[in-house]
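Tertiary structure, described
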Amino acid sequence: VEPKQHSLYGTSLEYLIVPRDTDRVYVSPDDGRVHFHAETGSLKSNVEALLAATNTAMPLVWEVSEQHFNPTDIWMTGDTVLDVLDQLLLSYNEPHPIKTRAWVNRIVEVYYDTKNRRGM
């Protein structure tokens, strides 16, 4: 099965391809999708664990409170890391929705969308 994340090849976001599996992130040979184990703990630690499986430059540009918390362990699946990241951030709406922006220089920014725009 062709990994769905290969749609990022040749784009400025190619660095978000998962080149190696970790204990929490893998690309399934069965469905070609990215699978991520979000653990109970801080939102930031979960985002960092997800992006650590890519060639994203660390540390992240973190512009939200470090008090955000993931209350339970759960497996998430998406075609790319960006899809999984969207799922991970979906329920964080207070005080504003949390969004991400991926930059060409391998930087990922996590920020409050104070204008409540849709998408990334």
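Our subject is the structure listed above.
Here the residue numbers are simple positions, counted from 1 along each chain's written sequence. At least 70 in pLDDT is required for a residue's local features to be given in this predicted model, at least 80 for side-chain atom pairs to be given and counted, and no such filter applies to totals for whole chains, interfaces and linings, which use all residues. Hydrogen atoms and water are omitted, and side-chain values are computed over all heavy atoms in the structure.

What follows covers helix 2 (residues 81-89). Val81, Leu82, Val84, Leu85, Leu88 and Leu89 are the residues of helix 2 that are buried. For helix 2, the buried positions fall inside an angular range of 160° around the axis, keeping them on one side. Only heavy atoms matter for contacts: two residues are in contact if any of them lie within 4.5 Å across the pair. The helix and strand labels rest on DSSP assignments: H or I over at least four residues marks a helix, E over at least two residues marks a strand, and numbering proceeds from the N terminus. Those residues of helix 2 that are buried lie in contact with strand 2 (34-38), helix 1 (43-51), strand 6 (74-78), strand 7 (98-102) and strand 8 (108-112). Buried residues are those whose accessible area, probed at 1.4 Å on protein chains only, stays under 20% of the maximum for their type, while exposed residues exceed 50% and partly exposed ones sit between those limits. Think of the arc as the fan of directions from the helix axis to the C-beta atoms.

The next subject is the environment of Lys4. Residue position: Lys4 is located in the segment before strand 1 (25-27). Taking the C-alpha atoms as reference, Lys4 lies 15 Å from Asp21; in sequence the two are 17 residues apart. Discounting chain neighbours no more than four positions away, the residues touching Lys4 are Asp31, Gly32, Arg33, Asp79 and Thr80.

Glancing now at the pattern of salt bridges. Salt bridges, as used here, are contacts in which a Lys or Arg side-chain nitrogen is within 4 Å of a carboxyl oxygen on Asp or Glu. Under the counting rule described, the total for this entry stands at four salt bridges. Here Arg33 makes a salt bridge to Asp79, at a shortest N to O gap of 3.0 Å. Placement of the pair is Arg33 in the loop between strand 1 and strand 2 and Asp79 in the loop between strand 6 and helix 2, with a sequence separation of 46 residues. Residue Arg33 is classed as partly exposed on the basis of its relative accessible area, which comes to 29%. Residue Asp79 is classed as partly exposed on the basis of its relative accessible area, which comes to 31%.

This part takes up the sheet that holds strand 8. Spatially, the three strands line up as an open sheet ordered 4-8-7, and their pairing is mixed. Looking at the sheet topology across the chains shown, the edges are occupied by strand 4 (61-63) and strand 7. Neighbour to neighbour, the strand axes of the sheet diverge by 15° on average, direction disregarded. The angle between two axes is taken between their N-to-C directions and runs from 0 to 180 degrees, where each axis is a line fitted to C-alpha atoms and a helix contributes only its stretch in contact. In the packing of helix 1 onto the sheet, the strands contacted are strand 4, strand 7 and strand 8, and the crossing angle to strand 4 comes to about 155°. When DSSP finds two or more bridges between two strands, those strands count as paired.

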